[in-house]
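Summary of the model geometry
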Amino acid sequence: MILMNDQFITRGEAHIDIEDRGYQFGDGIYEVVRVYDGKPFRFDDHLIRFERSAKELSLSLPLSSEEIKLKITQLIEMNNLQNGIVYFQTTRGVATRNHAFPTDSTSVLTAYTKEMNRPYEKLQKGIKIVTIEDIRWLRCDIKSLNLLGNIMAKQYAVDHQAYEAVQIRDNIVTEGSSSNFFIVKDGKILTHPANNFILKGITRLVIEKIADKIGIPFVEKEFNLKQVYQADEAFVSSTTMEIMPINQINDKTITNSPGSITKALQEEFEKLIKLN
Ligand SMILES: *Cc1c(COP(=O)(O)O)cnc(C)c1O
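Cut-offs used in this document
- Residues numbered from 1 in each chain as written.
- Predicted model: local features only at pLDDT ≥ 70, side-chain atom pairs only at ≥ 80, totals over all residues.
- Heavy atoms only, no water.
- UniProt positions renumbered as here; feature names shortened; annotations may be inferred.
- Helix = DSSP H or I, 4+ residues; strand = E, 2+ residues; numbered from the N terminus.
- Rg over C-alpha atoms; globule rule 2.2 N^0.38 Å.
- Buried < 20%, exposed > 50% of the residue type's maximum accessible area, 1.4 Å probe, protein only.
- Salt bridge = Lys/Arg side-chain N within 4 Å of Asp/Glu carboxyl O.
- Patch = residues over 30% accessible without salt bridge, like charges linked within 9 Å, V, L, I, M, F, W, Y side chains within 5 Å.
- Areas by Shrake-Rupley, 256 points an atom, 1.4 Å probe, with all protein chains shown as cover.
- Expected span 1.5 Å × (residues − 1).
- Axes fitted to C-alpha atoms, helices over the stretch in contact; angles between N-to-C directions.
- Parallel < 35°, antiparallel > 145°, perpendicular 65-115°, else oblique.
- Contact = heavy atoms within 4.5 Å.
- Nonpolar A, V, L, I, M, F, W, Y, C, P; charged D, E, K, R; others polar.
- Core = buried A, V, L, I, M, F, W, Y, C linked by side-chain atoms within 4.5 Å.
- Pairing = 2+ DSSP bridges.

Looking at an unreviewed UniProt entry, one finds the protein named D-alanine aminotransferase and attributed to Tepidibacillus decaturensis. Looking at the protein in UniProt, the text filed under Cofactor (unreviewed entry) is "pyridoxal 5'-phosphate". Its UniProt record, at the heading Catalytic activity (unreviewed entry), says of the protein: "D-alanine + 2-oxoglutarate = D-glutamate + pyruvate".

1. Some points on the overall build of the protein
Helices and strands together make up the secondary structure of the protein, namely 8 helices and 15 strands. In terms of C-alpha radius of gyration, the protein reaches 19 Å, essentially the compact-globule figure of 19 Å for 276 residues. Dimensions of the protein along its principal axes, counting C-alpha atoms only, are 55 × 40 × 30 Å. Classification of the 276 residues of the protein by burial places 51% in the buried group.

2. Observations regarding the pattern of salt bridges
Any two side chains of opposite charge can pair if their charged atoms end up close together. If you walk through the whole model with that rule in mind, you get 16 salt bridges. Salt-bridge contacts for Arg-92 lead to Asp-27; the nearest nitrogen and oxygen are separated by 2.6 Å. Note that Arg-92 is positioned in the loop between strand 5 (84-91) and strand 6 (108-115) and Asp-27 in the loop between helix 1 (21-25) and strand 3 (28-36), a separation of 65 residues in sequence. Among the salt bridges present, the one from Glu-121 reaches Lys-125, with a minimum N-O distance of 3.3 Å. Here the residue Glu-121 and the residue Lys-125 both occupy positions in helix 4 (residues 120-125), the gap between them amounting to 4 residues, near one helical turn.

3. What about a nonpolar patch on the surface?
Together, Ile-135, Leu-148, Ile-151 and Met-152 give the surface a local cluster of nonpolar side chains, amounting to about 430 Å² of exposed area. Within the element layout of this structure, Ile-135 appears in the loop between strand 7 (127-133) and helix 5 (148-159).

4. Some points on helix 8 (residues 260-275)
Between its first and last C-alpha, helix 8 extends 23 Å over 16 residues, near the 22 Å set by a 1.5 Å rise per residue. Every buried residue of helix 8 is listed here: Ile-261, Thr-262, Leu-265, Gln-266, Glu-268, Phe-269 and Ile-273.

5. Observations concerning the packing of helix 6 (residues 202-214) against helix 8
The geometry of helix 6 relative to helix 8 is characterised by a closest axis approach of 10 Å and an angle of 105° between their N-to-C directions. By the criterion of interaxial angle, the relationship of helix 6 to helix 8 is roughly perpendicular. Facing Thr-203, Val-206, Ile-207, Ile-210, Ala-211, Lys-213 and Ile-214 of helix 6, the residues of helix 8 in contact are Ala-264, Leu-265, Glu-268, Phe-269 and Leu-272. Looking at the contact of helix 6 with helix 8, its residues break down into 9 nonpolar, 1 polar and 2 charged.

6. Looking at the nonpolar core
By size, the foremost hydrophobic cluster in this structure holds 22 residues, and its most contacted members are Leu-3, Ile-29, Ile-68, Ile-72, Phe-88 and Leu-109. Counting residues per element, the ones that place at least two in this core are strand 3, helix 2 (43-56), helix 3 (65-78), strand 5 and strand 6. Discounting chain neighbours no more than four positions away, the residues touching Phe-88 are Ile-29, Tyr-30, Glu-31, Val-33, Phe-43, Leu-47, Phe-50, Ile-68, Ile-72, Leu-109, Thr-110 and Ala-111. Listed in part, the 19 residues of the second largest apolar core include Val-166, Met-244, Ile-246 and Ile-254.

7. Considerations on the sheet that holds strand 3
Read from one edge of the open sheet, 6 strands run 2-1-6-5-3-4, paired in antiparallel fashion. Every interior strand has two partners, whereas the edge strands, strand 2 (7-9) and strand 4 (39-40), have only one. Relative to strand 5, strand 3 runs antiparallel, the two sharing 8 bridges. The residue of strand 5 that forms the bridge with Val-33 is Val-86.

Laid out in C-alpha coordinates, this is it:
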(Lines give C-alpha, C1' and ligand atoms only; values in the text may rest on other atoms or scores of the structure.)
Protein backbone atom coordinates (compact mmCIF):
# COMPACT_ATOMS: atom_id res chain seq x y z
CA MET A 1 0.00 0.00 0.00
CA ILE A 2 0.98 3.61 -0.46
CA LEU A 3 -0.37 6.78 1.11
CA MET A 4 -1.90 9.48 -1.06
CA ASN A 5 -3.09 12.44 1.01
CA ASP A 6 -5.08 10.67 3.74
CA GLN A 7 -5.93 7.55 1.72
CA PHE A 8 -4.23 4.18 1.67
CA ILE A 9 -4.32 2.81 -1.88
CA THR A 10 -2.29 0.43 -4.00
CA ARG A 11 0.50 1.77 -6.16
CA GLY A 12 -1.50 0.80 -9.23
CA GLU A 13 -4.43 2.89 -8.06
CA ALA A 14 -2.27 6.00 -7.56
CA HIS A 15 -2.87 8.71 -10.12
CA ILE A 16 -0.53 11.64 -10.73
CA ASP A 17 -1.82 14.43 -12.94
CA ILE A 18 0.41 15.55 -15.85
CA GLU A 19 0.00 19.11 -14.59
CA ASP A 20 1.06 18.33 -11.05
CA ARG A 21 3.61 21.01 -10.17
CA GLY A 22 5.94 18.43 -8.70
CA TYR A 23 6.02 16.67 -12.07
CA GLN A 24 6.35 19.87 -14.12
CA PHE A 25 8.52 22.11 -11.94
CA GLY A 26 9.89 19.94 -9.15
CA ASP A 27 7.75 22.24 -7.01
CA GLY A 28 7.71 20.23 -3.82
CA ILE A 29 9.63 18.86 -0.88
CA TYR A 30 10.49 15.43 0.52
CA GLU A 31 11.91 13.41 3.39
CA VAL A 32 13.48 9.98 3.79
CA VAL A 33 13.08 8.38 7.22
CA ARG A 34 14.92 5.23 8.31
CA VAL A 35 12.92 2.41 9.83
CA TYR A 36 14.78 0.05 12.18
CA ASP A 37 12.90 -3.00 13.50
CA GLY A 38 9.59 -1.53 12.42
CA LYS A 39 10.16 1.80 14.13
CA PRO A 40 10.94 5.11 12.41
CA PHE A 41 14.20 6.72 13.57
CA ARG A 42 14.15 10.44 14.50
CA PHE A 43 10.73 10.83 12.87
CA ASP A 44 9.92 14.05 14.73
CA ASP A 45 13.12 15.73 13.53
CA HIS A 46 12.25 14.82 9.94
CA LEU A 47 8.73 16.21 10.36
CA ILE A 48 10.07 19.47 11.78
CA ARG A 49 12.40 19.81 8.79
CA PHE A 50 9.55 18.91 6.39
CA GLU A 51 7.44 21.72 7.88
CA ARG A 52 10.33 24.14 7.63
CA SER A 53 10.95 23.28 3.95
CA ALA A 54 7.23 23.80 3.29
CA LYS A 55 7.26 27.16 5.05
CA GLU A 56 10.31 28.38 3.12
CA LEU A 57 8.44 27.67 -0.14
CA SER A 58 5.03 28.94 1.07
CA LEU A 59 3.74 25.44 0.48
CA SER A 60 0.79 24.39 2.58
CA LEU A 61 0.80 20.77 3.68
CA PRO A 62 -2.44 18.79 3.10
CA LEU A 63 -2.13 17.19 6.55
CA SER A 64 -0.72 18.36 9.85
CA SER A 65 2.56 16.89 11.08
CA GLU A 66 0.68 14.83 13.65
CA GLU A 67 -1.62 13.44 10.95
CA ILE A 68 1.32 12.68 8.66
CA LYS A 69 3.05 10.90 11.52
CA LEU A 70 -0.04 8.83 12.29
CA LYS A 71 -0.72 7.89 8.66
CA ILE A 72 2.88 6.98 7.94
CA THR A 73 3.11 4.91 11.11
CA GLN A 74 0.01 3.04 9.92
CA LEU A 75 1.58 2.60 6.47
CA ILE A 76 4.71 1.06 8.00
CA GLU A 77 2.51 -1.39 9.93
CA MET A 78 0.29 -2.19 6.95
CA ASN A 79 3.28 -2.95 4.77
CA ASN A 80 4.90 -4.85 7.62
CA LEU A 81 8.14 -2.93 7.05
CA GLN A 82 10.87 -4.03 9.45
CA ASN A 83 14.06 -2.56 8.04
CA GLY A 84 14.02 0.03 5.33
CA ILE A 85 12.89 3.53 4.61
CA VAL A 86 9.75 5.54 4.21
CA TYR A 87 9.86 8.21 1.51
CA PHE A 88 7.29 11.00 1.58
CA GLN A 89 6.84 14.15 -0.43
CA THR A 90 4.42 16.97 -0.99
CA THR A 91 3.98 18.89 -4.21
CA ARG A 92 2.06 22.12 -4.67
CA GLY A 93 -0.55 20.11 -6.56
CA VAL A 94 -2.34 20.45 -9.87
CA ALA A 95 -2.74 23.75 -11.73
CA THR A 96 -2.57 25.11 -15.29
CA ARG A 97 1.11 25.48 -16.10
CA ASN A 98 2.34 28.89 -14.97
CA HIS A 99 5.51 29.57 -13.01
CA ALA A 100 3.84 31.67 -10.31
CA PHE A 101 2.28 29.89 -7.36
CA PRO A 102 -1.34 28.96 -8.15
CA THR A 103 -3.88 30.37 -5.73
CA ASP A 104 -6.28 27.46 -6.01
CA SER A 105 -4.19 24.28 -6.04
CA THR A 106 -4.33 21.62 -3.33
CA SER A 107 -1.03 20.12 -2.21
CA VAL A 108 -0.52 16.41 -2.84
CA LEU A 109 1.15 14.17 -0.26
CA THR A 110 2.46 10.75 -1.21
CA ALA A 111 4.37 8.23 0.88
CA TYR A 112 5.68 4.73 0.31
CA THR A 113 7.88 2.28 2.14
CA LYS A 114 10.83 0.31 0.85
CA GLU A 115 12.80 -2.50 2.41
CA MET A 116 16.49 -1.72 2.66
CA ASN A 117 19.35 -3.31 4.50
CA ARG A 118 21.88 -1.26 6.38
CA PRO A 119 25.14 -0.85 4.38
CA TYR A 120 27.07 -3.08 6.83
CA GLU A 121 30.04 -3.81 4.63
CA LYS A 122 30.63 -0.22 3.59
CA LEU A 123 30.24 0.97 7.19
CA GLN A 124 33.21 -1.24 8.07
CA LYS A 125 35.38 -0.76 5.01
CA GLY A 126 34.57 2.81 4.04
CA ILE A 127 33.84 4.31 0.64
CA LYS A 128 35.61 6.28 -2.06
CA ILE A 129 34.49 9.83 -2.70
CA VAL A 130 35.37 12.22 -5.48
CA THR A 131 35.13 15.99 -5.36
CA ILE A 132 33.21 18.13 -7.82
CA GLU A 133 32.23 21.77 -8.20
CA ASP A 134 29.00 22.65 -6.36
CA ILE A 135 26.72 23.99 -9.12
CA ARG A 136 23.51 23.91 -7.09
CA TRP A 137 21.24 26.85 -6.28
CA LEU A 138 21.61 29.00 -3.17
CA ARG A 139 18.84 27.42 -1.09
CA CYS A 140 20.39 24.04 -0.44
CA ASP A 141 18.86 24.23 3.06
CA ILE A 142 15.46 23.30 1.59
CA LYS A 143 14.91 19.58 0.97
CA SER A 144 13.33 20.24 -2.39
CA LEU A 145 12.39 17.84 -5.18
CA ASN A 146 14.67 19.81 -7.50
CA LEU A 147 17.72 17.60 -7.43
CA LEU A 148 19.39 18.08 -10.81
CA GLY A 149 22.62 19.43 -9.33
CA ASN A 150 22.65 16.59 -6.81
CA ILE A 151 21.96 13.83 -9.33
CA MET A 152 24.61 15.19 -11.71
CA ALA A 153 27.10 15.11 -8.84
CA LYS A 154 26.13 11.53 -7.95
CA GLN A 155 26.44 10.44 -11.57
CA TYR A 156 29.93 11.98 -11.63
CA ALA A 157 30.75 9.77 -8.63
CA VAL A 158 29.43 6.67 -10.40
CA ASP A 159 31.40 7.56 -13.53
CA HIS A 160 34.53 7.77 -11.40
CA GLN A 161 33.99 4.49 -9.52
CA ALA A 162 33.14 6.38 -6.33
CA TYR A 163 30.18 6.07 -3.99
CA GLU A 164 29.61 9.75 -3.30
CA ALA A 165 30.59 13.12 -4.77
CA VAL A 166 31.51 15.85 -2.32
CA GLN A 167 30.89 19.33 -3.63
CA ILE A 168 33.07 22.43 -3.47
CA ARG A 169 31.80 26.01 -3.82
CA ASP A 170 34.28 28.88 -4.03
CA ASN A 171 37.04 26.68 -2.60
CA ILE A 172 34.88 25.66 0.36
CA VAL A 173 33.81 22.05 0.77
CA THR A 174 30.05 22.02 1.24
CA GLU A 175 28.47 18.52 1.30
CA GLY A 176 27.85 15.32 -0.62
CA SER A 177 25.15 14.85 -3.27
CA SER A 178 22.82 13.43 -0.62
CA SER A 179 24.96 13.45 2.51
CA ASN A 180 26.75 15.80 4.86
CA PHE A 181 30.54 15.80 4.94
CA PHE A 182 32.87 15.83 7.94
CA ILE A 183 36.59 15.76 8.61
CA VAL A 184 38.41 15.00 11.84
CA LYS A 185 41.52 16.98 12.65
CA ASP A 186 43.46 17.01 15.94
CA GLY A 187 40.61 15.33 17.80
CA LYS A 188 37.92 17.72 16.54
CA ILE A 189 35.06 17.09 14.13
CA LEU A 190 34.71 19.80 11.48
CA THR A 191 31.73 20.29 9.19
CA HIS A 192 30.27 23.07 7.05
CA PRO A 193 28.02 25.49 9.00
CA ALA A 194 24.30 24.77 8.61
CA ASN A 195 23.44 27.73 6.36
CA ASN A 196 21.89 28.05 2.89
CA PHE A 197 24.79 26.16 1.25
CA ILE A 198 23.99 22.77 2.78
CA LEU A 199 21.04 20.64 3.84
CA LYS A 200 21.06 20.31 7.59
CA GLY A 201 20.95 16.54 7.98
CA ILE A 202 19.12 14.78 10.78
CA THR A 203 22.03 12.33 10.96
CA ARG A 204 24.34 15.37 11.28
CA LEU A 205 22.21 16.46 14.22
CA VAL A 206 22.54 13.01 15.79
CA ILE A 207 26.32 13.17 15.30
CA GLU A 208 26.42 16.58 16.97
CA LYS A 209 24.60 15.13 19.99
CA ILE A 210 26.84 12.05 20.15
CA ALA A 211 29.96 14.24 19.92
CA ASP A 212 28.68 16.31 22.81
CA LYS A 213 27.97 13.17 24.83
CA ILE A 214 31.40 11.60 24.34
CA GLY A 215 33.26 14.88 24.64
CA ILE A 216 34.52 15.44 21.10
CA PRO A 217 34.40 19.06 19.92
CA PHE A 218 31.92 19.53 17.04
CA VAL A 219 33.02 22.56 15.09
CA GLU A 220 30.90 24.16 12.36
CA LYS A 221 33.49 25.89 10.27
CA GLU A 222 34.32 26.26 6.59
CA PHE A 223 37.32 24.34 5.23
CA ASN A 224 38.91 23.73 1.83
CA LEU A 225 40.10 20.68 -0.09
CA LYS A 226 43.68 21.10 1.10
CA GLN A 227 42.46 20.75 4.68
CA VAL A 228 40.51 17.66 3.67
CA TYR A 229 43.70 16.07 2.34
CA GLN A 230 45.47 16.93 5.59
CA ALA A 231 42.66 15.61 7.80
CA ASP A 232 43.08 12.58 10.08
CA GLU A 233 39.69 11.10 9.21
CA ALA A 234 36.74 11.86 6.94
CA PHE A 235 33.20 10.58 6.75
CA VAL A 236 29.79 11.40 5.30
CA SER A 237 26.40 11.04 6.95
CA SER A 238 22.83 10.51 5.85
CA THR A 239 19.70 8.63 6.85
CA THR A 240 20.60 5.69 4.61
CA MET A 241 24.42 5.92 4.76
CA GLU A 242 24.45 6.57 8.54
CA ILE A 243 28.04 7.42 9.58
CA MET A 244 30.00 6.32 6.55
CA PRO A 245 33.81 6.31 6.68
CA ILE A 246 35.80 7.51 3.68
CA ASN A 247 38.81 5.45 2.60
CA GLN A 248 39.67 7.33 -0.58
CA ILE A 249 39.35 10.96 -1.69
CA ASN A 250 39.95 11.36 -5.42
CA ASP A 251 43.31 9.63 -5.93
CA LYS A 252 44.38 9.76 -2.31
CA THR A 253 43.79 6.65 -0.22
CA ILE A 254 43.27 7.00 3.51
CA THR A 255 44.79 4.22 5.53
CA ASN A 256 43.30 3.19 8.88
CA SER A 257 39.75 3.97 7.80
CA PRO A 258 37.52 4.14 9.75
CA GLY A 259 39.61 6.16 12.17
CA SER A 260 39.12 6.04 15.92
CA ILE A 261 36.73 8.99 16.17
CA THR A 262 34.60 7.80 13.26
CA LYS A 263 34.46 4.39 14.95
CA ALA A 264 33.47 5.90 18.29
CA LEU A 265 30.63 7.81 16.60
CA GLN A 266 29.49 4.65 14.82
CA GLU A 267 29.42 2.73 18.11
CA GLU A 268 27.26 5.36 19.79
CA PHE A 269 25.00 5.49 16.72
CA GLU A 270 24.57 1.72 17.00
CA LYS A 271 23.40 2.17 20.61
CA LEU A 272 20.82 4.77 19.53
CA ILE A 273 19.43 2.38 16.92
CA LYS A 274 19.02 -0.28 19.61
CA LEU A 275 17.29 2.21 21.91
CA ASN A 276 14.97 3.42 19.12
C1 LIG B 1 18.87 14.54 2.82
C2 LIG B 1 20.19 15.14 2.54
C3 LIG B 1 21.27 15.04 3.44
C4 LIG B 1 21.26 14.16 4.66
O5 LIG B 1 20.25 14.42 5.54
P6 LIG B 1 19.74 13.29 6.56
O7 LIG B 1 18.61 13.97 7.25
O8 LIG B 1 20.87 12.99 7.47
O9 LIG B 1 19.33 12.12 5.74
C10 LIG B 1 22.43 15.76 3.15
N11 LIG B 1 22.53 16.51 2.04
C12 LIG B 1 21.55 16.58 1.13
C13 LIG B 1 21.75 17.40 -0.10
C14 LIG B 1 20.35 15.90 1.36
O15 LIG B 1 19.37 15.98 0.44
